[in-house]
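Chain residues, written in single-letter form:
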Amino acid sequence: MFFVKKGVLLTALLVASAGAVAQNAKPTDPQIAHIAYTAGEIDIKAAEQALKISKNKDVHAFANDMVRDHTAVNQKALALVKKLKVTPENNGTSKALLKQADEEHAKLAKLSGAAFDKAYAENEVAYHKTVNGALQNTLIPSATNSELKDLLSTGLKVFQGHEQHAENLVEKMK
Amino acid sequence: MTDGSRHLYRVLLVAIFALAGPVSASAEVIQVKVSGFAFNPAQVVAHVGDTIQWVNGDFLAHTATARDGKWDVSLPAGKSGALVVKKAGAIDYYCRYHPNMVGRIDVVRGKAR
Ligand SMILES: [Cu+2]
């Protein structure tokens, strides 16, 4: 199925790029901060696209939740890196995430109505699953600063909540 | 008003009502902390007429929403929300924004103390 394939592909991409980072060393705190911030930005952009294209009120409610939560988390992240005097550093994982997101954005842009709603909801499930995996398996264990680790753990809870929320949304579309 | 003083205010208010009439004789305010993406305690027992107060300590907004859709209390970041339980029975609730956050209120018939 297309949806499954997409999730697997994204996961493979993330693992591959996380692996590329891991070959040299674990991702550094500046890289981790960049990845986490980028992951939030991507979901905000996807939500903004949904708010523009969709006419479904459940999709709008979900998209507004994504904008609100990820904006709040990213504001926290910005305040933290400022406090820690860390400059987020671009890296392979961030780039892979962005590339995949741009492709998804282009695909969704061609859809409308129920087809868009379904594709958006399914992609949100896949996307949150992928980011949860990256947070759990790579980013949280690699973070050295305890405040960064705490914020990532909060981020994981946010993403897990959104994953279930997205699953509920997919169910509603059926 | 700070959360602490608001809580005190509620307690006083409840105390005044408790003096005023037998209906609220046993009314209490039951606090549920909302932090780290969980309701704590996740399960509370209340009497009819009690107030459930959710205190959101997270930097994100949550809701306490009845599973049956009968009520929806919004809990902005760092703020509280409250609800008076009016009927005996079990109420399952969750957060609309993060449906993996769940809680339950067991409402038992109020008894005069
Ligand atoms: Cu919530």
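Conventions and cut-offs
- Residues numbered from 1 in each chain as written.
- Chains lettered and ligands numbered in written order.
- Predicted model: local features only at pLDDT ≥ 70, side-chain atom pairs only at ≥ 80, totals over all residues.
- Heavy atoms only, no water.
- Helix = DSSP H or I, 4+ residues; strand = E, 2+ residues; numbered from the N terminus.
- Buried < 20%, exposed > 50% of the residue type's maximum accessible area, 1.4 Å probe, protein only.
- Contact = heavy atoms within 4.5 Å.
- Areas by Shrake-Rupley, 256 points an atom, 1.4 Å probe, with all protein chains shown as cover.
- Buried area = accessible area lost by both parts, 1.4 Å probe.
- Salt bridge = Lys/Arg side-chain N within 4 Å of Asp/Glu carboxyl O.
- Polar contact = N/O pair within 3.5 Å; in protein donor to acceptor, adjacent residues only side chain to side chain.
- Nonpolar A, V, L, I, M, F, W, Y, C, P; charged D, E, K, R; others polar.
- Pairing = 2+ DSSP bridges.
- Axes fitted to C-alpha atoms, helices over the stretch in contact; angles between N-to-C directions.
- pLDDT = per-residue confidence, 0-100.
- Parallel < 35°, antiparallel > 145°, perpendicular 65-115°, else oblique.
- Left-handed = near helix turned anticlockwise from the far one by under 90°.
- Phe/Tyr/Trp six-rings, centres within 6.5 Å; stacked < 30°, edge-to-face > 60°.
- Core = buried A, V, L, I, M, F, W, Y, C linked by side-chain atoms within 4.5 Å.
- 1 Å grid on protein atoms, 1.4 Å probe; cavity = no way out; pocket = protein on both sides within 12 Å on 5 of 7 lines; lining within 4 Å.
- Points joined across faces, edges and corners; volume = space filled by probe spheres on them.

(A) Molecular detail of the overall build of chain B. Along chain B, the regular secondary structure elements total one helix and nine strands. Walking chain B from its N terminus toward its C terminus, one meets helices and strands in the order α-β-β-β-β-β-β-β-β-β. Considering chain B as a whole, with its 113 residues, one finds that 41% of them fall into the buried category. Taking the contacts inside chain B whose residues are at least 6 apart along the sequence as the reference set, 51% of them involve residues at least 24 apart. Of the accessible surface of chain B, which amounts to about 6,000 Å², a share of 58% is contributed by carbon and sulfur atoms.

(B) Highlighting the interface of chain B and chain A. Across the contact, 10 residues belong to chain B and 16 residues belong to chain A. Roughly 1,100 Å² of surface becomes buried between chain B and chain A when both sides are summed, with 66% attributable to carbon and sulfur atoms. The largest per-residue losses of area from chain B upon contact with chain A belong to B:Phe59, B:Tyr97 and B:Pro99, which jointly make up 47% of the total buried on that side. Scanning the region where chain B abuts chain A turns up zero salt bridges. Inspection of the region where chain B meets chain A yields four residue pairs in polar contact (both at pLDDT 80 or more). Tallied by class, residues from the side of chain B that touches chain A come to six nonpolar, three polar and one charged.

(C) The sheet that holds strand β2 (residues 39-40) of chain B, seen in detail. Residues and elements named next belong to chain B. Sheet architecture is open: four strands sit in the order β2-β1-β4-β7, paired in mixed fashion. Strand pairing shows two members of the sheet lacking a second neighbour, β2 and β7 (80-84), which therefore form its edges. Judged from the five bridges that link them, strand β4 (residues 51-56) and β7 form a sheet pairing that is antiparallel. Pairing of Val55 across the sheet is with Ser80, part of β7.

(D) Focus on the sheet that holds strand β5 (residues 62-66) of chain B. Residues and elements named next belong to chain B. In space, the five strands of this open sheet follow the order β3-β9-β8-β5-β6, with mixed pairing throughout. With one partner strand each, in any of the chains shown, β3 (43-47) and β6 (72-75) form the two edges of the open sheet. Looking at each pair of strands side by side, their axes are set apart by 20 degrees on average, direction ignored. Summarising the sheet, β3 and strand β9 (residues 102-108) pair through five bridges and their orientation is parallel. Bridged to His47 within β9 is Val108.

(E) Focus on the confidence of the model for chain A. Residue and element names in this part refer to chain A. The share of residues in chain A with pLDDT of 70 or more is 86%, and the mean pLDDT across the chain is 89. Averaged over each element, pLDDT in chain A is lowest for helix α1 (residues 2-24) (47) and highest for helix α2 (residues 29-53) (97). In the predicted structure, residues 1-9 sits below a pLDDT of 50 and forms 11 contacts with residues beyond four places in sequence or in another chain. Contacts from residues 15-24, a stretch scored under 50 in pLDDT, to residues over four places away or in other chains number nine contacts.

(F) Spotlight on the packing of helix α5 (residues 113-142) of chain A against helix α6 (residues 146-173) of chain A. Residues and elements named next belong to chain A. At a minimum axis separation of 8 Å, α5 and α6 run at an interaxial angle of 155 degrees. Judged by the angle between their axes, α5 and α6 are roughly antiparallel. The handedness of the crossing between α5 and α6 is left-handed. Looking at the contact of α5 with α6 residue by residue, the class counts come to 15 nonpolar, seven polar and eight charged.

(G) Spatial organisation of the packing of aromatic side chains. Residues and elements named next belong to chain B. Across all of its chains, the model carries six aromatic pairs over all chains by this definition. Measuring from ring centre to ring centre gives 5.8 Å for Trp54 and Trp71, while their planes differ by 35 degrees; the resulting arrangement is tilted. Of this pair, Trp54 sits in strand β4 while Trp71 sits in the loop between β5 and β6, and the two are 17 residues apart along the sequence. Across the pair, Trp71 and Trp54 agree in class, each one buried.

(H) Highlighting the nonpolar core. In this structure, B:Phe39, B:Ile52, B:Trp54, B:Trp71, B:Val85, B:Tyr93 and B:Ile105 are the most contacted members of the largest nonpolar core, which totals 28 residues. Of all the secondary-structure elements, those providing two or more residues to this core are α3 (57-84) of chain A together with β1 (29-34), β3, β4, β5, β6, β8 (89-94) and β9 of chain B. The element best represented in this core is β1(B), accounting for three residues. In this structure, B:Val85 is in contact with B:Ala46, B:His47, B:Val48, B:Gly49, B:Asp50, B:Ile52, B:Ile91, B:Ile105 and B:Val107, ignoring residues within four places of it in sequence. Among the nonpolar cores identified, the runner-up in size contains 19 residues, and A:Ile42, A:Leu135, A:Leu148 and A:Leu151 belong to it.

(I) Just empty space enclosed by the protein, in detail. Residue and element names in this part refer to chain A. A full pass over the atoms with the stated rule returns four cavities of 30 Å³ or more. By volume, the largest cavity is sized at about 180 Å³. Lining the largest cavity are 17 residues, and of these Ala36, Tyr37, Val73, Ala77 and Leu152 sit closest to its centre. Mapped onto the lining of the largest cavity, the elements with two or more residues apiece are α2, α3, α5 and α6.

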